[in-house]
Amino acid sequence: MDPDYSGQDVARCDLCKTAIAQSYCDFCHVNLCKPCIGEHISDEYDKHKIVPIHKRKSTLIYPKCGTHPNKTCEYQCKDCNISICFDCLASKQHNKDHEFVKLEEVFNTKKTHIQRVTEELQKHFLPGYEDIANDLEMQIASLDGEYKKLTTAMSRQREEIHREVDSAFEQMEQEIGEIKVKHRSILQKHLDEIKHLQSHMLRTLYALNEVEESNEVSATINYSCKTEELSKLPPKVNVSMLKFIPNQMKREDFCCLIGKLSPLSTTLEERVFTAKKPNTSVRELLDEPEVLNTIKTGHEKLRSVTCLNEEQIWTSGDTADIKCFNIQGVLQKTIITESGEWTPDIAVDTTGALLYCDVKTRTVYKVKNGKTEEIITLQGWVPINLCVTSSCDLLLTMFSDDKTLSKVTRYSGSTVKQTIQFDEEGQPLYSGNGYIKYIGENRNQDICVADCAAGALVVVNQSGKLRFRYTGHPSPTKTKPFKPRGITTDSQGRILTADRDNHCIHILDTDGQFLRYIDNCYLKDPFGLCVDKNDSLFVCEPFKGSVKKIIYSK
């Protein structure tokens, strides 16, 4: 194709190079415009085959016969698996009992098989490779965060060891101080005894001097001097001085004390392609959505609703109880949060287990068969809202302790797979505060967050790259600022978000284009949302404590 016309994506005539080609010579393999057809076939060559451009390469090019060089092979011997011409078929050179088939039929069968393989590769296998590539990209993107956790754990161990070492030295210093006092006491006692004897000796010397200078006969004769006890020196007290004998530790000993790193292991796990069955049914939006049922939950400030199945829903509000109702509104069971505090959000995983966030304990709990277990506990962050993805991962929104940062984290079990916090310019994707940020995953794996404080619906793709922000739709009847609360998606890839202050639901398409409102169902302060497998919408009305089931598509 001529580069000058490549942007137009049309075939140009190979002869004049300018006109648009309407025809094609299926023998010479050239594009032709109408004026150039005559020039092309004017060479009196009888093999030209002019066809419409859209039927180019429709004329089959048969192989030459090895036995009859001037003939083309239009048949195939199925027994010998060779191509033969009509003369071979008619002559006695080939076994008449063999089975022959037209090459055109073989060609068409092979073409059909190739088309089927191509379609299968495009529809099933190529998306599988794309999923693998996306998963690897997410793993690579999360490496910094994972290794940061590793070094953070080591830093905590370092601090702990430092504290223990400092404590051990402080204890030893305290022992040295106590022994020093005892040492001083022993020496002081001996010193006091020596000074007492020394004083006694001085008094004795004074008495002897007086007797020596006296001229009294009786006093001198009767003086008794007890010098025996003074002439014998007291024993010497030896108190050994303490010595600090440091233990000799090798580097290996320190490493054993600190801990060790598990080796980096690589294993190859066989992948099995599973064909993704597209949802071919199209559900159109109703002009007048209809309320099918209203369930009275008894919750104070009802916040969240999630579908357990087509017959049951879980609900939660500003109290510690999480309730399960059937769609007729009959209470099935109630559980109480571990901390006794309210939960900001609930979800159901693919096994039917209930998941909920606990702000007080900074933990995500899983409840299955009456047993509760901790699956994620945060440090420095508080969990807010959560959703389970189509790949069974858990998406969790959270804010920092100082309420200045917010982010979305993807977990596989309790392992962090991905962190979504900043855009490509390094700017925060979400407002930094403690506001609830409901989250959902669309059928194309987009991650949708209702950021109330930012007044926006923030949508990123599976890799965390910003796709769009939706900040509301101009309407003369919707005069309050757009502050989205609950969010959900349906089987058509549509995004539904609750506009509490304007008492309506916004419906967007996959690319964030506004489609319509649900505002005719007497909604009062809509908050949490969810849809079931039949695209029935469940809406929380917090102050009424009611869940409305609404049909909005058919």
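Residues numbered from 1 in each chain as written. Predicted model: local features only at pLDDT ≥ 70, side-chain atom pairs only at ≥ 80, totals over all residues. Heavy atoms only, no water.

### So, the overall build of the chain
So the rule is basically this: Starting at the N terminus, helices and strands are each numbered in turn, a helix being any DSSP run of H or I of at least four residues and a strand any DSSP run of E of at least two. For every residue, the accessible area obtained with a 1.4 Å probe (protein chains only) is divided by the maximum for its type, and the residue is called buried under 20%, exposed over 50%, and partly exposed between those limits. Residue contacts are counted whenever heavy atoms from the two residues lie within 4.5 Å of one another. Computed with a 1.4 Å probe, the accessible areas rest on the Shrake-Rupley method; for each residue, only the protein chains presented here act as cover. In this charge count, Lys and Arg are treated as positive and Asp and Glu as negative; neither His nor the chain ends contribute. Here the site of a charge means atom NZ of a Lys, CZ of an Arg, CG of an Asp or CD of a Glu.
Each helix and strand counted, the chain has six helices and 30 strands in total. Across the 554 residues of the chain, 35% fall into the buried class. Contacts in the chain between residues at least 24 apart in sequence constitute 43% of all its contacts with a sequence separation of at least 6. Looking at the chain as shown, the accessible area adds up to about 35300 Å², and 52% of this sits on carbon and sulfur atoms. When the 72 basic and 79 acidic side-chain charges of the chain are each reduced to a single mean position, those positions are 3 Å apart.

### Comments concerning unusual backbone geometry
Of note in this structure, Asn81 is not a glycine but carries a positive phi near 60°. Mapped onto the fold, Asn81 is located in the loop between β4 (75–77) and β5 (82–84). Of the residues examined, Asn81 reaches a relative accessible area of 57% and is grouped as exposed.

### Here we look at helix α1 (residues 34–41)
Put simply, the test is: Each C-beta atom gives one direction from the helix axis, and the arc is the one those directions make.
Listed as buried for α1 are Cys36, Ile37 and His40. Seen along its axis, α1 keeps its buried residues to an arc of 120°; they face one direction. Facing away from the buried side of α1 by more than 90 degrees, the exposed set consists of Pro35 and Glu39. Looking at the buried positions of α1, the neighbouring elements they touch are β1 (23–25), β2 (30–32) and β3 (50–52).

### Considering the pattern of salt bridges
Applied cut-off: Salt bridges are defined by distance alone: a side-chain nitrogen of Lys or Arg within 4 Å of a carboxyl oxygen of Asp or Glu.
Taken as a whole, this structure holds 18 salt bridges when the rule is applied. Put simply, Asp393 and Lys417 hold a salt bridge, and the shortest N to O gap is 3.1 Å. Taken together, the positions of Asp393 in the loop between β16 (381–388) and β17 (394–400) and Lys417 in strand β19 (residues 415–420) put the pair 24 residues apart, joining distant regions of the chain. Among the residues examined, Asp393 registers a relative accessible area of 5% and is labelled buried. Between Asp446 and Arg467 there is a salt bridge; the shortest N-O distance is 2.4 Å. Linking Asp446 in the loop between β20 (437–441) and β21 (447–451) with Arg467 in strand β23 (residues 466–470), this pair joins segments that are 21 residues apart in sequence. Overall, the relative accessible area of 3% leaves Asp446 in the buried class. Among the ionic contacts, a cluster of salt bridges with common partners joins Asp135, Asp393, Arg410 and Lys417.

### Describing the layout of surface pockets
Note the following rule: Put simply, the grid is 1 Å and covers the protein atoms alone, a cavity is a trapped set of points that fit a 1.4 Å probe, a pocket is an open set with protein on both sides within 12 Å along at least five of seven lines, and lining residues have an atom within 4 Å of a point. Grid points are joined across faces, edges and corners, and a volume is the space filled by probe spheres set on the points. Amino acid classes used here: Ala, Val, Leu, Ile, Met, Phe, Trp, Tyr, Cys and Pro are nonpolar; Asp, Glu, Lys and Arg are charged; the rest, including Gly, are polar.
The calculated volume of the second largest pocket comes to roughly 630 Å³. As for the second largest pocket, its lining consists of 19 residues, of which Lys149, Gln379, Lys407, Tyr411 and Val416 are closest to the centre. Of all the secondary structure elements, the ones that give two or more residues to the lining of the second largest pocket are α3 (103–213), β15 (371–377), β18 (406–412) and β19. Class assignment for the residues of the lining of the second largest pocket results in eight nonpolar, seven polar and four charged.

### Comments concerning the sheet that holds strand β28 (residues 529–531)
Note the threshold: When DSSP finds two or more bridges between a pair of strands, those strands are recorded as paired. Note on definitions: angles span 0 to 180 degrees between N-to-C directions of axes, and those axes are lines fitted to C-alpha atoms, for helices only across the stretch in contact.
With antiparallel pairing, the four strands of this open sheet are ordered in space as β7-β30-β29-β28. Strand pairing shows two members of the sheet lacking a second neighbour, β7 (285–296) and β28, which therefore form its edges. Averaged over all adjacent pairs, the angle separating strand axes in this sheet is 25°, with direction ignored. Where strand β29 (residues 536–541) and strand β30 (residues 546–553) come together, six bridges link them in antiparallel fashion. Residue pairing across strands places Val539 opposite Lys548, the latter belonging to β30.

### Observations regarding the sheet that holds β19
Reading across the sheet, the four strands line up as β16-β17-β18-β19 and stay open at both edges, with antiparallel pairing between neighbours. Strands with a single pairing partner mark the edges of an open sheet, and in this sheet they are β16 and β19. The sheet shows a mean angle of 30° between the axes of neighbouring strands, direction not considered. Sheet topology places β18 next to β19; five bridges connect them, and they run antiparallel. The partner of Val408 across the bridge, within β19, is Ile420. Contacting β18 and β19, α3 runs over the sheet at an angle of about 105° to β19.

### Looking at the environment of Asp349
As for its placement among the helices and strands, Asp349 is situated in the loop between β12 (346–348) and β13 (354–358). What makes Asp349 buried here is its relative accessible area of 15%. C-alpha of Asp349 to C-alpha of Lys366: the two residues are 17 residues apart in sequence and 9.2 Å apart in space. Sequence-distant contacts of Asp349, that is, excluding residues within four places in its chain, are made with Leu355, Lys366 and Val388.

### A word on the pairing of β16
The element β16 is extensively covered by neighbouring structure, given that seven of its eight residues are classed as buried. In this sheet, β17 lies alongside β16 in antiparallel orientation, the contact comprising seven bridges. From the neighbouring strand, Cys387 faces β17, where its bridge partner is Leu395. Linking β16 to β17, which pair antiparallel, is a turn of five residues; within it Cys392 sits at a positive phi near 75°.

### A few points about α3
Our working definition: For a helix, the expected span equals 1.5 Å multiplied by the number of residues minus one. Take the seven residues that end at a residue and the seven that start at it, fit an axis to each, and the angle between those axes is the bend at that residue.
Under the 1.5 Å per step criterion, the end-to-end length of α3 is 157 Å for 111 residues, consistent within 8% with the ideal 165 Å. Most pronounced at Leu143, the bend in α3 amounts to some 40°. By the burial criterion, the buried members of α3 are Leu103, Pro127, Gly128, Ile132, Met138, Ser142, Ile161, His183, His190 and Thr204.

Distances and angles like these do not, on their own, reveal function.
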